[in-house]
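Residue-level structural notes
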Amino acid sequence: MREIWEDTLDRMALWCGACPLPRPPRRFRAALRALDSDRLADRSRAQFLLTAPAHRRVAIPALRQAAHAWETPARAIRAALLLHHLCEPDGPEVLRRLACEADLRTGAQAALLRAALAETVGIAAYVRQAVASLIELEQMRYSFRAVSRFRQALEILRFLDPDAPLPPDFLRRALVVRMAGGEDLYLVRALLADPHPSGLEHVCLIRREAIELALGRPDREPTYALLSRTLAYPNGAVQLTALYGLERLGDPRALRQMRPLADNPAHPLRDDARRLIAQWTTRTPDEITLLRPAAPETPASLLRPILVPPDDQAATLLRPCPLKSCRESETAE
């Protein structure tokens with residue numbers, strides 16, 4: 001019935017001297033609308049008509065028009081998928097643009113979009129996009145477009161498969177990428193503290209995305225080793241992001257790596273390291289924070305925290321206060 005009304009309106013427009021837009025034949029328009037149907041039989045008949053070799057000349061323009069009409073997402077996704085089945089490059093390209101819309105990735109058609117992307121574009125394409133953006137940033141050609149493309153690729157990767165395989169060195173490279181000329185640490189702190197940063201594409205958000213990927217691993221030991229090595233990187237913004245990751249990880253073994261930052265009065269991250277150390281030491285159980293001898297043969301000479309790995313170097317150990325000197329200091333007070 002709707003197709004009949006459309007044809008009637010087109011004839012009236014011609015009678016009035018107007019030039020209406022060209023429309024596909026009536027049955028093709030009905031088939032395109034059937035792509036929105038919840039009934040599998042209706043969709044199957046429509047797909048059979050639109051993909052028939054004899055109807056290719058008429059069906060492809062109609063499918064392109066439906067794929068670019070985003071008012072009906074289900075129809076656009078299925079039309080783009082049919083274009084892919086007809087070996088038309090427009091289909092995957094339309095699906096790429098649809099995947100960039102966050103509302104579609106979280107809406108009612110998320111499962112349909114995920115299946116269509118997996119069939120046409122694939123996970124490997126977004127891995128290549130993330131790696132290419134990272135290489136561009138490593139070459140010190142900083143651009144907001146590269147940061148945006150990197151974050152977008154990771155968001156779609158998480159949408160397609162949270163456990164998608166990444167190159168072995170990918171996370172390490174993403175954690176140490178930085179801006180030429182330095183970064184404002186105050187801005188980096190603000191962006192790391194914001195749970196949903198938006199409106200600003202900053203290079204620290206790439207490191208934050210890498211931390212989210214690392215924290216999503218089932219095995220926490222490689223994540224701790226990666227963040228510990230990153231904390232020793234000679235760049236304040238990178239170290240600040242590593243502190244953020246270690247705080248999210250919550251592994252108290254990192255206290256040993258943070259102490260040089262907290263003990264250095266000239267380090268710009270001294271207060272950040274001290275805050276995190278104080279936060280962990282106040283909530284750590286007593287059996288973790290108790291001191292024990294560094295070596296069994298010298299129980300009264302050198303002490304170390306139980307949470308620190310074995311290390312008998314005198315410079316890194318705590319010396320106990322002799323009982324006599326403690327009493328003399330108390331008497332003097």
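Looking now at the overall build of the protein chain. Helices and strands together make up the secondary structure of the protein chain, namely 19 helices and 2 strands. Buried residues in the protein chain amount to 42% of all 333 residues. A separation threshold of at least 6 residues defines the contact pool for the protein chain, and within that pool the share at least 24 residues apart is 57%. When the accessible surface of the protein chain is totalled, it reaches about 19,000 Å², and 57% of it is carbon and sulfur.

This paragraph deals with the pattern of salt bridges. Counting across every chain of the model gives 18 salt bridges. Notably, a salt bridge pairs Arg189 with Asp272, separated by 2.9 Å at the nearest N-O pair. Here Asp272 lies in helix H17 (residues 270–283) and Arg189 lies in helix H12 (residues 185–193), a separation of 83 residues in the sequence. When its relative accessible area of 29% is taken as the criterion, Arg189 is described as partly exposed. The network of salt bridges with common partners includes Arg56, Arg64, Glu88 and Asp90.

Moving on, we get to the packing of H12 against helix H13 (residues 204–215). Axis separation between H12 and H13 bottoms out at 10 Å; the angle between their running directions is 40°. In terms of axis orientation, H12 runs oblique to H13. The handedness of the crossing between H12 and H13 is right-handed. Facing Val188, Leu191 and Leu192 of H12, the residues of H13 in contact are Cys204, Leu205, Arg207 and Arg208. For the contact of H12 with H13, a count of residues per class yields 5 nonpolar, no polar and 2 charged.

The N-to-C vectors of helix H4 (residues 56–67) and helix H5 (residues 73–85) enclose an angle of 140°; their axes lie 8 Å apart at closest approach. Helix-helix and strand crossings are classified by hand; for H4 and H5 the assignment is left-handed. Contacts from Ile60, Leu63, Arg64, Ala66 and Ala67 of H4 reach H5 at Arg75, Ala76, Ala79, Ala80, Leu82 and Leu83. Looking at the contact of H4 with H5, its residues break down into 9 nonpolar, no polar and 2 charged.

A word on helix H6 (residues 90–99). Along H6, the residues classified as buried are Gly91, Pro92, Val94, Leu95, Leu98 and Ala99. Summarising the axial view, the buried residues of H6 lie within an arc of 160°, below the 170-degree limit, and thus occupy one face. Buried residues along H6 sit in contact with H4, H5, helix H7 (102–106), helix H8 (110–120), helix H9 (123–138) and helix H10 (144–160).

What follows covers the nonpolar core. Counting 86 residues, the largest nonpolar core has Leu50, Leu117 and Met258 as the members making the most contacts within it. By residue number, the principal contributor to this core is H10, which donates 9 residues. Apart from residues lying up to four places away in sequence, Leu50 is in contact with Phe28, Ala31, Leu32, Leu35, Ala59, Leu63, Leu82 and Leu86.

Our focus in this paragraph is helix H14 (residues 220–231). Relative to the 16 Å expected for 12 residues at 1.5 Å per residue, H14 spans 16 Å between its end C-alpha atoms, a close match to the ideal helical length. Along H14, the residues that are buried comprise Thr223, Tyr224, Leu226, Leu227, Ser228, Thr230 and Leu231. Buried residues along H14 sit against helix H11 (170–175), H13, helix H15 (236–249) and helix H16 (255–263). Measuring from the side-chain oxygen of the N-cap residue of H14 to the backbone nitrogen of Glu221 gives 3.3 Å; that N-cap residue is Asp219.

One can find His202 in the loop between H12 and H13. Of the residues examined, His202 reaches a relative accessible area of 6% and is grouped as buried. A polar contact of 3.1 Å, which involves the side chain of His202, links it to the backbone nitrogen of Cys204.

Glancing now at the packing of aromatic side chains. Counted under the stated rule, the structure contains 1 aromatic pair. Here Phe150 and Phe170 contribute two aromatic rings whose centre-to-centre distance is 5.8 Å and whose plane-to-plane angle is 15°, an arrangement assigned as stacked. Pair noted here: Phe150 is in helix H10 and Phe170 is in helix H11, with a separation of 20 residues, a long-range link. We classify Phe150 as buried; its relative accessible area is 0%. The buried category is assigned to Phe170, whose relative accessible area is 3%. Over the ring of Tyr126 we find Arg96; its NZ or CZ atom is 5.9 Å from the centre of that ring. Above the ring of Phe159, the side-chain terminus of Arg114 is found at 4.4 Å from the ring centroid.

Conventions we followed
- Residues numbered from 1 in each chain as written.
- Predicted model: local features only at pLDDT ≥ 70, side-chain atom pairs only at ≥ 80, totals over all residues.
- Heavy atoms only, no water.
- Helix = DSSP H or I, 4+ residues; strand = E, 2+ residues; numbered from the N terminus.
- Buried < 20%, exposed > 50% of the residue type's maximum accessible area, 1.4 Å probe, protein only.
- Contact = heavy atoms within 4.5 Å.
- Areas by Shrake-Rupley, 256 points an atom, 1.4 Å probe, with all protein chains shown as cover.
- Salt bridge = Lys/Arg side-chain N within 4 Å of Asp/Glu carboxyl O.
- Axes fitted to C-alpha atoms, helices over the stretch in contact; angles between N-to-C directions.
- Parallel < 35°, antiparallel > 145°, perpendicular 65-115°, else oblique.
- Left-handed = near helix turned anticlockwise from the far one by under 90°.
- Nonpolar A, V, L, I, M, F, W, Y, C, P; charged D, E, K, R; others polar.
- Arc of directions from axis to C-beta.
- Core = buried A, V, L, I, M, F, W, Y, C linked by side-chain atoms within 4.5 Å.
- Expected span 1.5 Å × (residues − 1).
- Polar contact = N/O pair within 3.5 Å; in protein donor to acceptor, adjacent residues only side chain to side chain.
- Phe/Tyr/Trp six-rings, centres within 6.5 Å; stacked < 30°, edge-to-face > 60°.
- Lys NZ or Arg CZ within 6 Å of the ring centre and 35° of its normal.

Take it as geometry only, folks, not as evidence of what the structure does.
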